[in-house]
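Remarks on the overall topology
For reference, the chains in residue letters:
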Amino acid sequence: MGAFLVRLLFQGIVTLLVVSIIIFVGVFAIGNPLYVLVDPSAPAEVVQETLRQLGLDRPLHEQYVRFVLSALRGDLGTSYVHALPSLELIASRLPATLELVVAGLVIAFLVGVPLGLLAGYMANNWLARLISSLSILGISLPTFWIALIMIIVFSLELGWVPTGGRGDVATVLGIETSLLTASGLAHMALPALALSLFPLALIIRLTRAGVREHNRMDYVKFARAMGISPQRILVSYVLRNILIPIVTMMGLIFGTLVAFAVVTETVFAWPGIGKLIIDSIKVSDRPVIIAYLLFVVTMFLVISFIVDLITAALDPRIRLVKAS
Amino acid sequence: MQDLSPIAATHREPLLKVRGLSTHFTTVSGTVQAVDGVDFEIGHGEVVGLVGESGSGKTMVGFSILGLIDPPGRIAAGKVVFEGNDLVGLPERELRGLRGRRISMVFQDPLTTLSPTMRIGRQMTNVIAAHQAMPMADARQHCRDLLGKLGIPSPDERMHAYPHQLSGGMRQRVCIAMAMLNRPSLIIADEPTTALDVTTQAQILGEVRKLREETGTSFIWVTHDLAVVSELADRLLVMYAGQIVEQGSVETILNRPLHPYTKGLLDSIPTNNPDAKRLPQIPGSAPPPGIGIEGCKFRPRCGFATDTCLDKPDLKILEGTRAVRCFHPQYDVEHPLTEAMS
Amino acid sequence: MGKLSAFTDSKLVLLAIGLLGITILAALFAPWIAPQDPYDLAQLYILDARLPPLTRNADGTLFLLGTDDQGRDVFSAVLYGLRISLGVAFVATAIAVVLGTSIGLLSAYAGGRTDAVLMRIVDMQLSFPAVLIALMLVALLGTGIEKVTIAIVAVQWARYARTVRGAAMVEREREYVEAAQCLAYSPSRVMFRHILPNCMAPLSILATVEVASAISIEATLSFLGVGLPITQPSLGLLIANGYPFMLSGNYWLSIYPGLVLIAVIIAINIVGDRLREVLNPRSER
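A quick note: this is a predicted structure, and the numbers were derived from the prediction, not measured.

**So, the overall build of chain A**
The helix and strand inventory of chain A stands at 13 helices and two strands. Look at the contacts in chain A between residues 6 or more apart in sequence, and 70% of them connect residues 24 or more apart.

**Re the overall build of chain C**
Helix and strand counts for chain C come out as 12 helices and two strands. Seen through its principal axes, chain C has C-alpha atoms that stretch 80 × 45 × 30 Å. Evaluated residue by residue, chain C yields a buried proportion of 47% over its 285 residues. Counting only contacts in chain C whose residues sit at least 6 apart along the sequence, the fraction spanning at least 24 positions is 68%.

**Overview of the interface of chain A and chain C**
With 29 residues of chain A at the interface, the matching set in chain C holds 30 residues. The set of elements that each furnish at least two residues to the side of chain A that touches chain C consists of α1 (2-30), α6 (126-140), α7 (143-157), α10 (230-268), α11 (273-282) and α12 (286-314) of chain A. With six residues, α10(A) is the largest single contributor of residues to the side of chain A that touches chain C. Looking at side-chain class alone, the side of chain A that touches chain C contains 21 nonpolar, seven polar and one charged residues.

**A look at helix α5 (residues 86-121) of chain A**
Residue and element names in this part refer to chain A. With 36 residues, α5 should reach 52 Å at 1.5 Å per residue; the first-to-last C-alpha distance of 50 Å fits that figure. Along α5, the helix axis deviates most sharply at Leu-94, where the bend reaches about 40°; the proline Pro-95 sits within four residues downstream. Just beyond α5, the residue with positive phi is Ala-123, at close to 55°.

**Overview of the pairing of strand β4 (residues 73-82) of chain B**
Residue and element names in this part refer to chain B. Bridge analysis of strand β1 (residues 16-27) against β4 gives eight bridges, and the strand direction is antiparallel. If you follow Lys-17 over to β4, its bridge partner there is Val-81. As judged from the two bridges shared by β4 and strand β5 (residues 85-86), these two strands associate in the antiparallel manner. Bridge pairing in β5 links Val-81 to Asp-86.

**Quick notes on the interface of chain A and chain B**
On the side of chain B, 26 residues touch chain A, which itself brings 17 residues to the contact. Looking at the side of chain A that touches chain B, the elements that each hand over two or more residues are α9 (218-225), α10 and α13 (316-323) of chain A. For the side of chain A that touches chain B, the element with the highest residue contribution is α9(A), accounting for six residues. Split into classes, the residues belonging to the side of chain A that touches chain B amount to nine nonpolar, three polar and five charged.

**Quick look at the environment of A:Phe260**
Inspection of the secondary structure puts A:Phe260 in helix α10. With 25 C-beta atoms packed within 10 Å, A:Phe260 lands in the buried category. Residues A:Phe260 and A:Thr143, 117 residues apart in the sequence, show an inter-C-alpha distance of 8.8 Å. Residues within four places of A:Phe260 in sequence aside, it is in contact with A:Thr143, A:Leu195, A:Phe198, C:Pro129 and C:Val131.

**Examining the packing of helix α2 (residues 11-28) of chain C against helix α4 (residues 74-110) of chain C**
Residues and elements named next belong to chain C. As a packed pair, α2 and α4 sit with axes 8 Å apart at the nearest point and diverge in direction by 100°. The pairing of α2 with α4 is recorded here as roughly perpendicular in orientation. Contacts between α2 and α4 involve Thr-23, Ile-24, Ala-26 and Ala-27 from the first element and Leu-79, Leu-82, Arg-83 and Leu-86 from the second. Residue composition of the contact of α2 with α4, grouped by class: six nonpolar, one polar and one charged.

**A look at the nonpolar core**
Membership of the largest hydrophobic core comes to 150 residues, with the highest contact counts inside it found for C:Val78, C:Ala134 and C:Val138. Broken down by element, this core gets its largest block of residues, 18 residues, from α4(C). Excluding residues that lie within four positions of it along the chain, C:Val138 makes contacts with A:Ile281, C:Thr143, C:Lys147, C:Val148, C:Ala151, C:Leu221 and C:Val226. Counting 99 residues, the second-largest nonpolar core is a separate cluster that includes A:Ile233, B:Val80, B:Ala139 and B:Val245.

**Some remarks on the sheet that holds β5(B)**
Residue and element names in this part refer to chain B. Pairing in this open sheet of four strands is antiparallel, and the strands run β2-β1-β4-β5 from one edge to the other. Single-partner strands in this sheet number two, and they are β2 (30-42) and β5. Across the sheet, helix α2 (residues 58-66) is in contact with β1, β2 and β4; its angle to β2 comes to roughly 75°.

**Structural notes on the pairing of strand β9 (residues 235-240) of chain B**
Residues and elements named next belong to chain B. Of all six residues in β9, six are buried; the element is thus mostly enclosed. Here β9 shows two buried faces, one formed by Arg-235, Leu-237 and Met-239 and the other by Leu-236, Val-238 and Tyr-240. Examined bridge by bridge, strand β3 (residues 47-51) and β9 share four bridges and lie parallel to one another. Bridged to Gly-49 within β9 is Leu-236. Pairing of β9 with strand β10 (residues 243-249) involves six bridges; the strand directions are antiparallel. Paired with Met-239 across the bridge in β10 is Ile-244. Remark: two residues form the turn of the hairpin made by β9 and β10, two consecutive strands paired antiparallel; Ala-241 in that turn has positive phi of roughly 50°.

**Points about the sheet that holds strand β8 (residues 218-223) of chain B**
Residues and elements named next belong to chain B. In space, the eight strands of this open sheet follow the order β6-β7-β8-β3-β9-β10-β12-β11, with mixed pairing throughout. Either end of the sheet is taken by a strand with one partner, and the two such strands are β6 (103-106) and β11 (316-319). Going from strand to strand, the sheet's axes swing by 20° on average, the running direction of each strand aside. Relative to β8, strand β7 (residues 186-190) runs parallel, the two sharing five bridges. Note on β8: the bridge partner recorded for Ala-189 is Trp-221. Each of β6 and β7 is contacted by helix α7 (residues 168-180), which is oriented at about 175° to β6, the strand it contacts most.

**Description of helix α7 (residues 145-172) of chain C**
Residues and elements named next belong to chain C. Taking 1.5 Å of rise per residue, 28 residues should cover 40 Å, and α7 covers 38 Å from first to last C-alpha, within 8% of that figure. Most pronounced at Gln-156, the bend in α7 amounts to some 35°. Across the 28 residues that make up α7, a large majority, 20, are buried.

**Focus: unusual backbone geometry**
Residue and element names in this part refer to chain B. Cis peptide bonds are those with omega within 30 degrees of zero, and the linkage from Pro-71 to Pro-72 qualifies with 10°. Counting through the fold element by element, Pro-72 comes out in the loop between α2 and β4. If you check the backbone angles, Arg-183 has positive phi at about 50° while not being a glycine. With respect to the helices and strands, the residue Arg-183 is situated in the loop between α7 and β7. Note on Arg-183: 12 C-beta atoms within 10 Å, which makes it exposed.

**Digging into the confidence of the model for chain C**
Residue and element names in this part refer to chain C. For chain C, the mean per-residue pLDDT works out to 82, and 91% of the residues sit at or above 70. Averaged pLDDT values over the elements of chain C bottom out at 60 in helix α1 (residues 2-8) and peak at 91 in α4. Per the prediction output, this complex has pTM 0.80; the corresponding ipTM is 0.86.

**Details of the environment of A:Phe109**
Residue and element names in this part refer to chain A. Structurally, the position occupied by Phe-109 is in helix α5. Note: C-alpha distance between Phe-109 and Leu-202 (93 residues apart in sequence) is 9.9 Å. With residues near it in sequence (within four places) discarded, Phe-109 still touches Ile-203 and Met-250.

**Topic: the packing of α4(C) against helix α10 (residues 200-224) of chain C**
Residue and element names in this part refer to chain C. The contact between α4 and α10 brings their axes to 9 Å, and the two run at 135°. Relative to α10, the element α4 lies oblique. For the pair α4 and α10, the sense of crossing is right-handed. The segment α4 lies against α10, with Ser-85, Val-88, Ala-89, Phe-90, Ala-92, Thr-93, Val-97 and Thr-101 engaging Leu-203, Ala-207, Glu-210, Val-211, Ala-214, Ile-215, Glu-218 and Ala-219. Grouping the amino acids of the contact of α4 with α10 by side-chain chemistry returns 11 nonpolar, three polar and two charged.

The rules behind these values
- Residues numbered from 1 in each chain as written.
- Chains lettered and ligands numbered in written order.
- Predicted model: local features only at pLDDT ≥ 70, side-chain atom pairs only at ≥ 80, totals over all residues.
- Helix = DSSP H or I, 4+ residues; strand = E, 2+ residues; numbered from the N terminus.
- Contact = placed C-beta atoms within 7 Å.
- Buried ≥ 20, exposed ≤ 12 C-beta atoms within 10 Å, placed from the backbone.
- Nonpolar A, V, L, I, M, F, W, Y, C, P; charged D, E, K, R; others polar.
- Expected span 1.5 Å × (residues − 1).
- Bend = angle between axes of the 7 residues up to and from the residue.
- Pairing = 2+ DSSP bridges.
- Axes fitted to C-alpha atoms, helices over the stretch in contact; angles between N-to-C directions.
- Parallel < 35°, antiparallel > 145°, perpendicular 65-115°, else oblique.
- Core = buried A, V, L, I, M, F, W, Y, C linked by C-beta atoms within 7 Å.
- pLDDT = per-residue confidence, 0-100.
- Left-handed = near helix turned anticlockwise from the far one by under 90°.

This is the structure:
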């Protein structure tokens, strides 16, 4: 277990280093940050001075070390637009994104697992085919288009929910949330639903495939040979065994959804980090871009680390190894 | 125990009567006749060994009886009369009521037959709960008792364990206990000891024999190992390529095999051939399922085949339950069948 | 022959192929089919602005899919947009196929360290979502048609590399490769002339579906405003431009480009799905 942990940690750190080099080289070498900071028509000595202040006259590797060191101190620069430290900016927008992602995942799980069980159990009838086809659409259609259609139908035509924005928030333990106000929930419904479609499709497919695979296994056939009802076999035998990969996938997809939220948040004007990064890219607010990319990549690595640990904990076979 | 002799079993209505059972699998490359017109009976309290190489359709006979043939397979023809009712074509609901209650099955590989994420106790009580309303405490007590009888030390602890925490032998004992929980009258044991080491195998056989004497359960003991089945069975059915080629009591088959295939099987057991430098083998290998063979299916591998064998041989009943499907049964010169019958 | 008939025996697949054929032709011949050049400002009249579909203006010109806020014919804009969307997707897919296939073959053939390093990179890249990688690249490189193309290639090459490597590893063990090696053919000859042709089935299935995904990525980036510039309005950009007017009821500005977009994506997926069934008989569906 110890060696396993160390190897995981090492892999994560290497990946993070590689990504930070890519981002660093990308931002500091390809694009010249100087002309964002200094008016290009400024006198030569002002340009030189800024150059020196930023350490941009140093060799690339030295600059990279400085970049990493200040990054380790939590300093990723200050947003040109918001005049706030970029990490702080991200932290303030993060709760909105996280609650959207969590809501989307919960919807996907609650809807996807039953549908997947149904599709897997029914094998080849029309309902199973319909569910499978819809799940293919959920994966291949661009999310923004589905989101637009949802706005047209549910907001503009039916008038059930607002077209965008976050609505009222309540503050719990210093964190703002939309989940506790009626207006917040109404604003959240569509974006959460739109965001849930992609994981929903994946969960349906994974559950369906799992049911089909496990239905061929000996333990299911044995349970059938013991006269246990199909419903019971599906829910308390098969589901129990395929839940581990489903939960693992949901954990891994958490990071993907934070990245995916970029689209949903833009369509629904949801003030999370996804909308922040798009706005920042449009005005070349580089410190925010760097902070966002590094933050999301780090989050990704941390999540896959945690998921590996949880998988190990969930599986009784691995749990035993630990206990003995 | 009454009615244990095979002759007596035929006098009254047997527990299970299989007639013309054919199970076919439809695949892209054609229809595979996994079971091809099988007839046999199992008497009350009788243990019948079903012997044959892998791929001979033994397992499919078991699944066919339980109605557990999944598409693309189906029972194409035949009857499975159990306790007076034909199970073929019975609605799934009624079949499910029989499975695990009147007819049970034990699988070959104990490592894969239990759900890995559910405790043993829960899996066992589920089998009881599927068929009868019993208070949980009683159900658990019943499970503990049965596990104890099968030689599992401290059954209470084992019931809290997950399958992977038990050895293969322990797991197979659990499976056998599960099959016996509802006191079925017939258990189909599909090579239950093949995956285990010899010592465990012997122990389990002993425990099963003891329990059987206590409960009077009938068994179909599917195996490719004649030595195992000869210790347990009253009667043998020898299967080849989906058909029964020879049947009879254990002694007559072991001492006076008639079908060249049975003879080949017996010759390849080391203890039967102490002098041989090399064990004789049946030449060739079992036909891959789906390959149609004209006439006798064993013909391509048989040293005694003639042109007669291009016709389909029937299962000829010689006397009582002794029958053989062969045009050239190998009567032993020293012990001809007629002598054995007299 | 058998494969061909298996391919076309479903009406749905035929419909999808027909639809794809029409859209590709429409994209190729857009300048000749379109009633107006939507980006020639001289042809636009502000009086024609925001006409609903199937209406005629004062001159009696029919606007099949209506007009936008500048009086631009939406039908023409969709044809031109299709041209750009399909163009970017096909070019990006072609580059990614060549790049990914070469790397996959190299990895399979070289084995050992090279293989381990290349596949580690592939794994690392595939562990991040496509959207994130595409966003990262446009954030670093900026927007524009070649940047978006690079982003799509960067997202997709690893999938080809992995698929081709997987297929090539299997092929490599086959006897004909051994025979070719015994004849002392050069490694590149063995790879491209002998192994590659046998990897074509999985490769073509993947490439088909990935064209749809490339269209989708480009549309998404353009919709977000970080893809193609306003002077090259792809379908995604048309949808984004129509979006503000949707709230005031002028649905057609976004709906029609969107319908064309999803029709193309669904059609490609249907064809890809059938391709998988026909080329890979073992696959279960």
